[in-house]
Structure formats: C-alpha cells, structure tokens
Amino acid sequence: MSEVLIKIDGREIKVPEGINIIEAARMLNIEIPHFCYHRHLSIAANCRMCLVEVKNSPKLLPACQTKVLNGMEIFTNTERVKRAQAAIMEFLFINHPVDCPICDQAGECYLQDYYMKFDKTLSRFKEEKVKKRKAFRIGPRVIYDAERCILCTRCVRFMEEIIKRPVLGIKYRGNRGYITTFGDRPFDDPYSINTADICPVGALTSYDFRFKVRVWELTNTNSICWGCSKNCSILVCHKNNTVYRFLPRENENVNRFFICDEGRLSYRLIHTDRLTNALRKGNEVDIDGATSFINEIINGSPKEVSIVVSPSLSNESIYLIGRLAKDVLGLDAVYFVMTQKWADDGILKNKIRDFNYYGFEKIMKAMDIRYSELKTDLQLKKNVLLFGANMKDEYKNILAKRRIMLFDTHRDGFVDSADVAISISSIYEEEGTVINADGILQRYEKAIDGGAKPLVVYLRDMLSGLDDEYLFESAELIFDNFLSPLLGLSEITFRGISNSGVKV
Amino acid sequence: MSDLNERVQEITVNMGPSHPAMHGTIRLLITLVGEKVVRCDTQIGYLHRAFEKMSEANKWQAIFPYTDRLNYVSPLMNNVGYAQAVEKLIGIDIPERTKYIRVLLCELSRIADHLTCIAAASMELGAFTVFLYCMEGRDLIWDRIEELTGARVTPAYIRIGGLARDLPEGFLDRTLSILPRIEKVIGDVDALLTENPIFIERMRGTGVISQADAIEIGFTGPCLRSTGIKHDLRKKSPYLVYDRLEFDIPVGSNGDNYDRYMVRMEEMRQSIRIIRQVVRDMPGGKISIDNTMYILPPKEVVYNTIEGVVNHFKLIIDGIQVPAGEVYDATEAANGELGFYLVSDGGGKPVKCRVRSPSFALMQGLEKMVVGGSLADIIPTFGSINMIGGECDR
Amino acid sequence: MSIREGDSNLRSNMGEEELLKDVVITSRLDESISFFEKVLNWSRKYSLFQYPFATACCAMEYMTTMGPRYDLGRFGAEVPRFSPRQSDLLWVVGTISHKLAPVLVRVYEQMCEPKWVISYGVCASSGGFYNNYATVQGIDSIIPVDVYIPGCPPRPEQVLDALILLQEKIDRSKAEWRFSKKYDNK
Amino acid sequence: MTISEDEVKKVRERFESDIISSYQDKDMVVFILKKEALLRFVQFIKEDPDIKMEQVTDITAVDWYQKRDVRFEVVYHFYSYTKNHRIRVKVPVEEQDPKVPSITGLFSGANWFERECWDMYGIVFVNHPDLRRILLYPEFVGHPLRKDYPIDKRQPLVKLIKPEERRERP
C-alpha cells in the first residue's frame, strides 16, 4: 500500500493511500464530526456533517467520501466549515423533539456532544416541529422513536451489509421519513439490539436497558461474553456492584464491533439465582466447614476421587484442576460435561456454548491428560469433584449415585442433591483468560465483586501440598509462570495481553 | 510578689472545643503560671469538612454551595472570590451591572460579618445588649439578602460569568432604607462600648501584636490594619469596580484588641458609604455573559428549544470545560485576604481547588498575642480575631 | 426520676394519633398518666435549660433564633447553660466531624437524665452534603436523638416548631419513679 | 502586580542551574524549582531589595496522580507588601521520597501551612519545628487529599451505632 503525503490544518502526515479524510484526520487525532459514517459500514454521505474545505476545490467536500490524494491540503476548522457544521446541526435540530431528559442516549448522544463542540448557536426556527410516531416497539428487543431519528441509515446498512438480512428501510420522504420493516413486520432479528448501539441518536434504543440507569453513572470494564465459545469482546457497564448491560467492544480478531442479542442479554444471569454460600445437602453451612470436609476426602482417600469439569471456567482454573488431577489425585483422565448446543449462524454464534471449551481442550492436550465426555457412571469413582455445572439434564442421573462435591456459580437444579456445594465467583467477579473457537486468547478484568471467592482460591487449598503452591496466588502469577510457557506464548505476560487478544 | 509565682507551678488548662467562647471548633491547651499564660497550643480541625476533597469530586459550577459554607458569616464574599478566580482562569469578562451588584453584596456581607464579630466578642465580655442590637442589625441585612437570593445564610447566588437572577423591583430603595437603621445600630454600639471603662479596660493593651510579627505570620485584613499597616486588597490590587469608588481604609496604631474593634467599626461606616455610591451609579443591562458554554442558558430557551436543553444537559453532566492551567486570585474578604488557587486539566472538575483562608493564618498568631497576657485576655483576643470555623478548617 | 429508654409497651406500638389525644383512657394503673405526672411534665417542658453545642453555619441561624426577632425565650428555653451538668436539652447545631465526635459523646454522657437532644440542621441529622471521610453521617449514629430539624440552615420558625414538637413529646412522656422496680439505670 | 522583567532575569542567572522553568502566568511570575535549591531561593527572594518578599501567603501541594510522572508538586505563593507583587514557586516532588526542606526558619508563617500540607498529602517538611497533623486527629491513617484515597473512607473514633439499633428515645 503506497504512502500519500497530505496536510491537515497545516500539519503534514504520510497516510496509506485510499483511506478517507476522516481516518486520516483521526491519525493526527483531529476529530471531524460525522453521523452517517461508520468505519465498518459503506459510505452513505447523507448527513453532510463531515464537510471539510480542501484547497482549490470550489465547494466543501464530505470527508467520509473523499479519498486522500497526494499533496492534498485539508482545513477542518475554517470559517466556512464552522458555518456549514452549525447549519447542518440547525437543520437536524429543526424537527428533533426536546427529549433529552427522557432519552436513554443522553450522555452518549452524538447530537449533544457535537452541539457543544461544533455548533453552540441557538436555532432561528420558530415554526411547529413535525410530529411523528414516538417510542413504539419496532421489535421485541428494540424501541424506535421516529421523531428523534435523523435518517442517517446506519441501522439499514448494518442489517444489509453485516448481518446480510436487509430488513430495515426508510418509509416516506423528506421530513416525514422514518425507519421501518417491510409491511411493519416485527424487527425480530438475533442481532437487533446492535442497531441501537450504532444509532448515533436516541432513535433506536434497547428495550431491556430502557430507563434503567443514566449512562454517565456507569463504569465500563473490558471483559468477554459468556454466552458461547466465540468469546466476543464486550464492555461490562456496572454501577455499585450491579451490572446493567453488556456493550460490544471493538475487536478485529473476534467480533469486529457488534455482539448477538442473546449474549448481550445474558448479563441478567450475573444477578439471578446465584449461589451465595456453601450448602450441605441443600441446607446452609459455613464455607470453611465445607472446604475442610472436601480437603479431608482429598487427602484421606485421593484414589477414590474423580474429576468432572464443565469448561465454563477460566484457563487458570482449568490448569489448576489439571495439576490437581495429575499431581494430587493421580488421575490420568478427566471427564467434562457440556451444555445444550445451539446452531452456528455463521456470523458470530458458535455451536458450543461452554465459553472456554477450546481453552479446556488446549490446556488438557498441553498437560497430556486424557479428557472425554461423561457417558456412563462406570468410569467414575466413589467421590466426584464437580467444577462448574451448567450442564445438560441427562448427566444428572449419571452422577446421581456418587458423592458429589460441587463448585458452582449458580443455584441450578443440581445444587440441592450435591453432598457439598460451594459458591464461586463468575468471570465478571475475577480476572482471568479464555481461549475461543478461533484460538484467540483473551484476558477479562474484574468488573464487580459478588461476594464469592474465585475457584482458584479453593483449588490452591487443595494443592497446598505441592512445592510451587505459592505461585498459585493469583491468575496473573499462574498465567505468567505456567500457562504462557505451556501454550507457547512465553514472551507475552498476563498484563501484556492486548485488548484484541492473542492468537494461540 | 515574684516568689509567689515560683511557688505556683505550671498547670495545663484545656479550653476545649465545646467552650462558649471558643465558637465550638477550637481547642486551646493553655499552660498557666497562676493567671499568666505561658504557652498556648492552638488545636484546630474540629470543623474540617473536606472542602477540597468535595470540590475535586464536584463540577466547577457545583462547588458554589460549598464555598458558601467556608466563611458562613459572609457567604457571598466566598462566592464572589471563587467565581472571580474561575472567570480569571477561563478569561471571561463579566458585564458592568454584575460587577456593581457583586460589590454591593460584598459590602453588605462585610457589614454583617463585622456586626457578628462585635456581637460575639462583646457578648463574651458580658455586653449582652450589644449582642441583641447587632443581631437586629444583621437581620436587616439578611432580609435584603434573602429577598434577593432566597436564603439567609447559604445564598449560592453567584454564577461563573454572572449571577443567578437580577435584582427584584425596588430592591435598591429598600437597601437604601435600611442603611440609616444600620447606622443607628452602629451608633448605639459605639455609644455603649467605645467609651465604656470596663470595655476599654478589657480591650486596650490586650492581645497586642507587632507589625513585623503580623506580616510574617500572615496577618491580613482588620487584624493587620489594626497594627498600622495601610493594606487593603480593594485599594492595593483593585478588582470589580473598587477603583471607581471613594472610600478610605481605617488603620489602627498599636495592634491591640481595642484597635481591631475600632477598625471594624470604621470599616462598617466605610462599607455603608460604598453601598450608597454603588446604589447611586448602578448601571442597567445584562447580568450574565451570553456565552452559553460557561453559563446555563435562560430557562425559556431550555424548556422550548432542543439546543437549549442539549446545552443545559451537557453543562450539568460534564461540567464547564475550563481550559487547562492554574490561577491564584485573592479578594479582600471580611477577615482578610481570601485566596483561591485553582488548577484545571481542561476537564469539568478541578484538579485542585485550594482556599487560602485568612482565619487559618490569623490563628497561627494567636499564641504570640496571648502568651504573656492573663487567662481572661484570651477571650477578647480570640473574639476580636473573628475566627470562623468553616473557613479556618475548610 | 428517669424516662425509660426503649419503653416497650406504651409508646412504640401505639399509633401516633392515639398518643396525641389528651386523655389516655386505660384501665391499667401504670399506663395512665397521673395528674402529678402531668404537672411534672408541664413544669419540665417550659423550663428547658439548653446546652448549645454550636459548631458551624447553623450557629449563625441559632444566634438569630436566640436574638430579639425570633426570640426563643417565648418558649422558656432561652437560658443557655454552658455546662452539661446543668442543662437538660442538648442542641447539636451544625456539622459534627469525626474529630469532634468523642467530645459530643462525652458532653452527652455528662448530662443528667432527663435529657433530650435536638439535632439542629441537616448536617447534624444526616451529614448533609458532606458525604466524605471527615463528617459523621448523622449524630444519631453516636447519640440518641429526640427531634431532627431538617434545613441547611433551618429557618428560625422551623426551629421554634421543633421546640414545640419536643415539648409535646415531653408532655406525653411517662415519668418513671426512681424507686420503682422497673427503673433500669442502663 | 508582577515582578518586573529585570528582576526575573536577575533571579534566573543566579539560579539558572536549579530553575527548571519560569514563565509569566496570568498575573504573576511562576518559577519551577528543584527542591535542593528551595532554601537558597527563598532566602534570596526574601533579602533581595528589589523583590523583597515579606510574607508566604500560602503553601499547598497538587497531586497529579497518574497524569504526570512526577506525582506531587508543592506550590508556594509569596507576597511583598512594599512592592505589592506576588510570585509562585513550584517544587516537583517524587512519590517515592516526598520530602521538601521546611522554610519555617525564614518565614515563621509557613508553620501551619506546612503542617496542613503534611496532614493532607503526606509530604514531609524536613526540620519543621513540630510536624503534627493539624486538621485531622492523630489516630487518622493515610492522607485524604491524595487522589487514590477514596472520598468516603471514614475512620470513626467513636463506636457507630448501626441504623437498626438506633433506639428512638421515648
């Protein structure tokens, strides 16, 4: 790709050929305002907000459409450009309802941000605003407010180019136009809420997040979605230890810039029927009593204990389980259980729903421990250590006759019948790494603290006999000392894993 | 006489925070030999309410209620001081009418502050009648402030770049009408105290501080002027419209309590003179700048147009975007130089909002003024410094 | 004589409106407020010796409440006693910081029964808008409080109204004899 | 209000090795100084007849937590009554050794300001007469104005009664 020399606001820069002016300016972190332009979508150039002045061209050119040519001289803050931006904003505001106090998008709305940066003038429009249909459910998970819409067609292009199901379109013309589906059928698409994300204003908003919390009170943490083994990169938006929503996070290797609705709404599982303490045969008992009971069994009769793992755990926990099987219990085979699979839709969803199944496979292969799915109860010994248990129902009768020691995040059906059940923290309450279907290793950070301790802590108690036990202190130590050499990433440290993940 | 003192060994007396004369927030560990004070360890901080930490957590325009409660006897002076510092940091010039209104409110608050100081000091010396007269005088002023701002003690009326609202109808005439009654109150207090032998006995010659000590310790305001140094920020580095007004600076001679009392009485008369001039040439016009990036747009614009509500919303959520930089701006508050040192990194919240409060420096000098005197002299000395807990401990 | 704290049967489970009725018709002896107690309560409520624990901006408003215009003296509570031993009404006026909390607790404990506490202003009642490391978030977390006055600072009329509220409370209170078996000097 | 150009030049060539930078801010000249040269600098500006700083108006610190590599910055403001001008002296201080020489020897007025700066930021003022906490109680642990100290982390001296146990007085 040949380099091109251009000048923006008097500053020279060499940029790859063929990119548009907005991207070139972004390299000099000059912000050119835009509504309809989106990096991953086609160029519509209908909002005209990104007009810039280019030397010896008579009129202002849209920065999103104009490709950079050699020796081009661009001005982004001259008088003409400023007047154009103010005029565009004034036109957009003419029919815009005075909704900021009741609009979910307030705080992250392009109109608000750009008004303060680029417009700052009062409107000269005195007539009546055009009335349109407000806040109706265009689909089961999305609400559309026609008055707020600025017809930038980002949602239309998203459905057409990314999801390849052209479902949305503009009905009527001029300032009467609004977005709708053909024949007003419900907009029921597994990726529908993404349109609410990329909508620059509050026209399309998510039904589930409606009036829940104000956006500027949330703090965002980088993490991964636990819906399936694609491990899409997400932002966990939380406020005093409650998660309110998942947002997609830009990640070229995994999910580019969007996530599926099912994964996005799975944030609810974080706070619904969680196991919060330890149970013995279904009734409450303090955690230390339960862990000491388990440790007695492991130290007392290591030979009669077998391990069943559900791969919905972090790499670090799986590694420690492997060490437990190999060094303490002397097992050579570990059994795993799977959850209900779902169809692989070719865009994002992966058929295996245990989010770290591929990490489990890689680590077990690297530690050369045989692993196989749990078929009959013959293979099992008297006691079973069960880690993480959101699993299919038919496993339950296989495990029925065994003494079960369960570590689980949720209170699913299996908890009451287990001899001992101990609550562990979900991946949003601890740090760790996972590997997804395409072999990308990603790190997730701790968003909230849910009260339960991470599984790594309990495993460290069980492995207290080993000499390098002090290295099992935290996920970071485990990764740096054991996992990165094991997976052949020796030069990458835990903190060094980039936000878009590392190919393993 | 001297051997009597030798036989009397030192005792340490605790004049604790909850003492009637200690305004509730100061603790003095006084070491006495008989009645003579030998050492006085002043302990402050009993009203430390973390003003700086709160100001770092709030937006620029949301700090006004906290500045009210620094020197809560003359709250409007803190507002004006803080607003002036932020305006200097941003580089805003406020309209003429706002300057005149701010000077008017500052002088009214100065009179209220001095009345409270004289009321408290004289009550502690037993002159309860003077306390009641001064309360009546102060209530007259507070009625005007309440009528204009809506609150008596915590107005929060000043905004960055202007004021919250304009003067109501007839406000200036009512202000003029209370001036003679305040002058009458000052006259009564003057008659009661100035030639009163007991008062002169207690105040003359006690709590003396020399000019050199006063300057070095950081005295400013009436306590510094009482030692004979003619220093007033309104004259030295004029701000607002003080350069267009004629008033003179009362100066004491030997820096004792009596001089401080006389300086305060004279300053109240000068303030009344200033108020008369301000009311006389108060110009018309706008009271706020019209750049809505720093001041909230008017209500009718906010409720009817989308641009107004967007502007209002972003100012409240993200705060006023003050350009990066730092500034130190000092104004002449009732007790002395009230300085604001503001540091901004270009965001909506200050990186640092430091208040240089006059009481803090004055209290440093309390030990020098008290040592050598008798125990009973501590009360008038502390009273005449007029230490305000909120301002001293922040 | 002492007012029992946490008296279980009479006050806590009765509704507000029954308590405000003048005459409490009851058959059980110890629940009725005898005539003598009515006289005793009447004398107490109109001669409250107050201890002004004044710290912050509310003290300015407290001064005007004591001052000539809104005169607290009309309600018999105007005499400030500056030693906790001689006072039975503790006005906690203004913000109480954590450095001052032990002082307040000691002053409260030095007061003799019967004693009442009025929390003057929102900073004393709940910490006000000083939700930070230095301020006690409401003095009821360190001492029991009878009447809370909201407001920052509360208007003098609110303060007088609070005083009347306290006097009604004193009126309803049941005096407990020193020598009766129920007396528990906790 | 600000000191004249030639005084700035005089100061600069006397301390040119120690002054990191000096510029004219909105209304006063600002000197950014190495902390070793602080005492000599303050001594000079106090005694020099043209500058003649007579009073230290304010001493405070700024915590540039995670925004700059040198975390703290102690800021002095000086004022001269006779010349009626002010200067601001800023001394960058590392987080590892937050030590600054105390100037109470030259200006006794700096005593309390330095105590407050120690109390709030934990910056030690070497050979200060009695460096105690001034605004907080001695039992307080930590320095609250540091940006990493949470705003509502309280350290009560008195046992707090839990809301549910607060008994309503009869």
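Counting starts from 1 at the beginning of each chain's written sequence and moves along it residue by residue. Following the order in which they are written, the chains are lettered starting with A and the ligands numbered starting with 1. It should be noted that, the model being predicted, local features are given only for residues of pLDDT at least 70 and side-chain atom pairs only at 80 or more, the latter also being counted only at that level, while totals for whole chains, interfaces and linings use all residues. To get the side-chain values, take all heavy atoms of the structure and skip hydrogens and water.

Moving on, we come to the sheet that holds strand E8 (residues 352–356) of chain B. Residues and elements named next belong to chain B. When DSSP finds at least two bridges between two strands, those strands are taken to pair. Numbering goes from the N terminus for both helices and strands, where a helix is a DSSP run of H or I of at least four residues and a strand is a run of E of at least two. Spatially, E6-E7-E8 is the arrangement adopted by the 3 strands of the open sheet, whose pairing is antiparallel. Edge positions in the sheet fall to strand E6 (325–333) and E8, since each of these pairs with one other strand and no more. Between one strand axis and the next, the sheet turns by 15 degrees as a mean value, whatever way the strands run. Where E6 lies against strand E7 (residues 336–344), 9 bridges are found, and the strand directions are antiparallel. Bridging across to E7, Glu332 finds its partner in Glu337. In this analysis, axes come from line fits to C-alpha atoms, helices being fitted only over the stretch in contact, and the angle between any two N-to-C directions falls in the range 0 to 180 degrees.

Moving on, we get to the pattern of salt bridges. The salt bridge definition used is simple: a Lys or Arg side-chain nitrogen within 4 Å of an Asp or Glu carboxyl oxygen. Counted according to the given criterion, the structure contains 84 salt bridges over all chains. Across the salt bridge formed by Asp261 of chain A and Arg141 of chain A, the nearest N and O atoms sit 2.8 Å from each other. Of this pair, Asp261 of chain A sits in helix H6 (residues 261–265) while Arg141 of chain A sits in the loop between strand E6 (136–139) and strand E7 (142–144), and the two are 120 residues apart along the sequence. Classification of Asp261 of chain A as buried rests on a relative accessible area of 3%. When the shortest N-O distance is used, the salt bridge between Arg225 of chain B and Glu332 of chain B registers 3.2 Å. Of this pair, Arg225 of chain B sits in helix H10 (residues 222–225) while Glu332 of chain B sits in strand E6; the two residues are 107 residues apart in sequence, bridging distant segments of the chain. Partly exposed describes any residue whose relative accessible area lies between the buried limit of under 20% and the exposed limit of over 50%, with all areas from a 1.4 Å probe on protein chains only and scaled to the type maximum.

The subject of this paragraph is the interface of chain C and chain B. If you look at the interface, chain C gives 33 residues, while chain B gives 34 residues. Summed over both sides, the interface between chain C and chain B buries roughly 3,000 Å², with carbon and sulfur atoms accounting for 63% of that surface. The largest share of the area that chain C buries against chain B comes from Met60, Arg69 and Phe129 of chain C, three residues that together contribute 20% of it. On inspection of chain C and its partner chain B, the count reaches 4 salt bridges. By the convention used here, residues are in contact when the closest approach between their heavy atoms is within 4.5 Å. Buried area is calculated as the accessible area (1.4 Å probe) missing from two parts once they are joined, with the contributions of both summed.

Residue and element names in this part refer to chain D. With mixed pairing, 5 strands are arranged side by side in an open sheet as E1-E2-E5-E4-E3. If you trace the sheet from one side to the other, it starts and ends with strand E1 (19–24) and strand E3 (55–63), each paired once. Each neighbouring strand pair of the sheet contributes to a mean axis angle of 20 degrees, computed without reference to strand direction. The pairing of E3 with strand E4 (residues 72–80) spans 8 bridges and is classified as antiparallel. Looking across to E4, one finds that Ala61 is bridged to Val74. Its contacts with the sheet place helix H3 (residues 110–121) against E3 and E4, and it is angled at close to 10 degrees to E3.

All names here are of chain A. When two rings of Phe, Tyr or Trp (its six-membered ring) have centres within 6.5 Å they constitute a pair, described as stacked for plane angles under 30 degrees, edge-to-face for angles over 60, and tilted for the intermediate range. Under the definition given, this model contains 52 aromatic pairs over all chains. Between the aromatic rings of Phe246 and Tyr428, the centroid separation amounts to 5.1 Å while the plane-to-plane angle is 45 degrees, which identifies the pairing as tilted. In this pair, Phe246 sits in strand E13 (residues 242–248) while Tyr428 sits in the loop between strand E21 (420–423) and strand E22 (432–435), placing the two residues 182 residues apart along the sequence. On the accessibility criterion, Tyr428 (0% relative accessible area) is buried. Ring geometry for Phe387 and Phe407: centres 5.4 Å apart, planes at 15 degrees, overall stacked. Within this pair, whereas Phe387 is found in strand E19 (residues 383–387), its partner Phe407 is found in strand E20 (residues 403–408), the two being separated by 20 residues in sequence. Across the pair, exposure class does not vary: Phe387 and Phe407 are buried alike.

All quantities given are derived from atomic positions and should not be read as evidence of function.
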